[in-house]
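Close look at the chain arrangement
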Amino acid sequence: KISKRLGRISEYVPFGSVVADIGSDHALVPIQLVTSGKVNRVIAGEVNDGPFQTAIANVSRMGLQHRVDVRKGDGLEVVKEGEVSVVIIAGMGGGTIVHILAAGRNKLSGVERLILQPQGDADRVRLWLGENGWMIYEEDLLMEDELLYEIIVAEPGVQSLTKEEEEFGPILLRKSHPLLQVKLQQEIEKAERVLRSLERSNGEAAEKKRKELERRKNWLQEVK
Ligand code: SAM
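Quick caveat: nothing in here was measured; it's all calculated off a predicted structure.

Within the protein chain one finds 9 helices and 7 strands. A principal-axis box enclosing the C-alpha atoms of the protein chain has dimensions of 60 × 35 × 30 Å. A burial count over the protein chain gives 34% of its 224 residues as buried. Within the protein chain, residue pairs in contact and separated by at least 24 positions form 67% of the contacts whose partners lie at least 6 positions apart.

Shown next as structure tokens:
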């Protein structure tokens, strides 16, 4: 059975779309999408040999070779322009996701939806989207095995975000998503932890860092 996180990602795929899952690893999302009948065809991209072989093995064990096309390559280089309508990039750091999107920008012209699930640095992803002709259409936050996961769904459009929206998500904030309080609390505790670790440090750099963290903590408390 597919995890809650991967299941939730699949829910944001519209019926009948042609999907590329970049960094597919086990290819569980592509397999779920075609076996559920939601889509006919998925491209699973992988840059590393180990996960690439796992994807091929899982797909052939299910007899889905004609519907899940496992391709080896870096980021969006595995898809042709206009080939897919939805791109999923999940389970990677926000910086890596931005790198893949920026490097493959020319492949995104016909894409109608991005489904992104950054592990950290979601603000970098939202900033990139806003600056590159994408607007955030839906957002989700879920807890699995005591970890919080963010999902960002974007479609072509125009938007500009405040600092608050960049870090915590315009839609999550608007909806007052129940798990947002948990996320804010975690961020406050993170700032407090670093502040405590700086207690015994002297010098200008430590002082500067302390001021910065105090400011962040106050800001987080206001957002909350
Ligand atoms: N997407 C799956 C998920 O959410 O469960 C797998 C996440 S796994 C932690 C990240 C995968 O992305 C790894 O299998 C890694 O090889 C792959 N990856 C990292 N950078 C990549 C890139 N530039 N292009 C394609 N795959 C990449």
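Another point: the sheet that holds strand β1 (residues 19-22). Taken together, the 7 strands give an open sheet; going across it, the order is β3-β2-β1-β4-β5-β7-β6, and neighbouring strands pair in mixed fashion. For this open sheet the edge positions go to β3 (68-72) and β6 (134-144), each flanked by a neighbour on one side alone. Averaged over all pairs of adjacent strands, the angle between strand axes in this sheet comes to 15 degrees, irrespective of strand direction. Note: strand β2 (residues 42-46) against β3, 5 bridges, orientation parallel. By the bridge assignment for β3, E46 is matched with K72. Packing of helix α3 (residues 49-61) onto the sheet brings it into contact with β2 and β3, and relative to β3 it is tilted by some 165 degrees.

Further remarks concern the pairing of β2. Within β2, 5 of the 5 residues are buried, which leaves the element mostly enclosed by the surrounding structure. Of the two faces of β2, both are covered, the one formed by V42, A44 and E46 as well as the one formed by I43 and G45. When β1 meets β2, the two strands line up parallel, connected through 4 bridges. The partner of V19 across the bridge, within β2, is V42. Handedness of the crossover joining β1 and β2 through helix α2 (residues 28-35) is recorded here as right-handed.

Here we come to the domain arrangement of the protein chain. Looking at the assigned domains, one finds that the protein chain contains domain 1 (4-166) and domain 2 (182-223). The distance between the C-alpha centroids of domain 1 and domain 2 comes to 33 Å.

Of all residues adjacent to the ligand, which total 17 residues, the nearest are G23, D25, P51, A90 and G91. Breaking the shell around the ligand down by element, the ones donating at least two residues are β2, β4 (86-92) and α4 (94-103). The element best represented in the shell around the ligand is β4, accounting for 3 residues. In terms of residue class, the shell around the ligand is built from 7 nonpolar, 7 polar and 3 charged.

This brings us to the packing of helix α8 (residues 180-197) against helix α9 (residues 204-223). In contact at an axis separation of 10 Å, α8 and α9 are set at 160 degrees when each is read in the N-to-C sense. Relative to α9, α8 is oriented roughly antiparallel. Between α8 and α9 the crossing geometry is left-handed. Counting all contacts with α8, which are made through L184, E187, I188, A191, E192, V194 and L195, the residues of α9 involved are R210, L213, R216, K217, L220, Q221 and V223.

Glancing now at the UniProt feature "coiled-coil region" (unreviewed entry) in the protein chain. Mapped onto this numbering, the UniProt entry annotates "coiled-coil region" (unreviewed entry) at residues 181-223. When the span residues 181-223 is considered, its composition is 86% helix and 0% strand, and the gap between its end C-alpha atoms is 10 Å.

All right, on to helix α1 (residues 4-11) then. When we look at burial in α1, the residues that qualify are R5, L6, I9 and S10. Buried residues along α1 cover an arc of 135 degrees about the axis, so they all sit on one side. On its buried face, α1 sits against α2, β4, β5 (113-118), β6 and β7 (147-156).

Calculation notes
Residues numbered from 1 in each chain as written. Predicted model: local features only at pLDDT ≥ 70, side-chain atom pairs only at ≥ 80, totals over all residues. Helix = DSSP H or I, 4+ residues; strand = E, 2+ residues; numbered from the N terminus. Buried ≥ 20, exposed ≤ 12 C-beta atoms within 10 Å, placed from the backbone. Contact = placed C-beta atoms within 7 Å. Pairing = 2+ DSSP bridges. Axes fitted to C-alpha atoms, helices over the stretch in contact; angles between N-to-C directions. Right-handed = clockwise from strand over helix to strand, strands pointing away. Domains from an automatic or database assignment. Near = placed C-beta within 6 Å. Nonpolar A, V, L, I, M, F, W, Y, C, P; charged D, E, K, R; others polar. Parallel < 35°, antiparallel > 145°, perpendicular 65-115°, else oblique. Left-handed = near helix turned anticlockwise from the far one by under 90°. UniProt positions renumbered as here; feature names shortened; annotations may be inferred. Arc of directions from axis to C-beta.

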